[in-house]
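Residues per chain are reported as follows:
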Amino acid sequence: MGPQITLSTLSTGSISLNAFEKNIQFFAGAGYNKIWSNNSLTRLFLKYSHLDNSSEKVLSLNRNNYYTIKTDNLVSEAGASYEKRFY
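What counts as what
Residues numbered from 1 in each chain as written. Predicted model: local features only at pLDDT ≥ 70, side-chain atom pairs only at ≥ 80, totals over all residues. Heavy atoms only, no water. Patch = residues over 30% accessible without salt bridge, like charges linked within 9 Å, V, L, I, M, F, W, Y side chains within 5 Å. Areas by Shrake-Rupley, 256 points an atom, 1.4 Å probe, with all protein chains shown as cover. Salt bridge = Lys/Arg side-chain N within 4 Å of Asp/Glu carboxyl O. Helix = DSSP H or I, 4+ residues; strand = E, 2+ residues; numbered from the N terminus. Buried < 20%, exposed > 50% of the residue type's maximum accessible area, 1.4 Å probe, protein only. Polar contact = N/O pair within 3.5 Å; in protein donor to acceptor, adjacent residues only side chain to side chain. Phe/Tyr/Trp six-rings, centres within 6.5 Å; stacked < 30°, edge-to-face > 60°. Lys NZ or Arg CZ within 6 Å of the ring centre and 35° of its normal. Contact = heavy atoms within 4.5 Å.

Novice: Hey, could you run me through a nonpolar patch on the surface in this one?
Specialist: A cluster of nonpolar side chains, Ile15, Leu61, Tyr66, Tyr67 and Ile69, forms an exposed patch at the surface whose accessible area comes to about 470 Å². With three residues, strand 4 (residues 64-85) is the single largest residue contributor to the nonpolar patch. With respect to the helices and strands, isoleucine 15 occurs in strand 2 (residues 15-35). Judged by its relative accessible area of 38%, isoleucine 15 falls in the partly exposed class.

Novice: I keep staring at the pattern of salt bridges and nothing clicks. Help me out?
Specialist: Oppositely charged side chains can form a pair if their charged atoms are brought close together. In this structure the tally under the stated criterion is two salt bridges. With a closest N to O distance of 3.8 Å, glutamate 83 and arginine 43 form a salt bridge. Pair noted here: glutamate 83 is in strand 4 and arginine 43 is in strand 3 (residues 41-61), with a separation of 40 residues, a long-range link. Owing to a relative accessible area of 35%, arginine 43 belongs among the partly exposed residues under this scheme. The partner of glutamate 83 in a salt bridge is arginine 85, and the shortest N-O contact between them spans 2.3 Å.

Novice: Would you mind going over the side chain of serine 40 with me for this structure?
Specialist: Position of serine 40 among the secondary structure elements: in the loop between strand 2 and strand 3. In this structure the side chain of serine 40 is engaged in a polar contact, spanning 2.7 Å, whose partner is the side chain of asparagine 38.

Novice: Is there a simple way to explain the packing of aromatic side chains in this structure?
Specialist: Each pair of aromatic rings is reported with the distance of its centres and the angle of its planes. Counted by the stated rule, this structure contains zero aromatic pairs. Above the plane of the ring of tryptophan 36 lies lysine 34, whose end atom (NZ or CZ) is 5.0 Å from the centre.

Novice: Can you walk me through the environment of leucine 61 in this structure?
Specialist: Following the sequence through the fold, leucine 61 ends up in strand 3. Exposure remark for leucine 61: the relative accessible area of 35% places this residue in the partly exposed category. Residues leucine 61 and serine 16, 45 residues apart in the sequence, show an inter-C-alpha distance of 6.7 Å. Beyond its immediate sequence surroundings of up to four residues, leucine 61 is in contact with Ser14, Ile15 and Tyr66.

Here it is as structure tokens:
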């Protein structure tokens with residue numbers, strides 16, 4: 001999936017809020033199943049996910065920047081599952 005970009009503007013009288021947010025997320029997964037000669041089953045699944053988020057919020061009062069908040073967040077997750085069944 002490509003980047004998701006959001007732009008917002010809110011204005012009321014002499015106060016305005018401008019906000020920007022960009023999200024990029026990746027996911028990968030792979031699985032393996034094996035049925036053995038004795039009919040037992042082995043399953044393995046691996047996964048990885050990564051989220052990169054950048055945002056900026058600017059509050060203006062009487063057309064002057066009052067404050068700016070900038071954030072950059074990175075979140076990664078990895079996992080594995082293993083299953084063995086005997087019949």
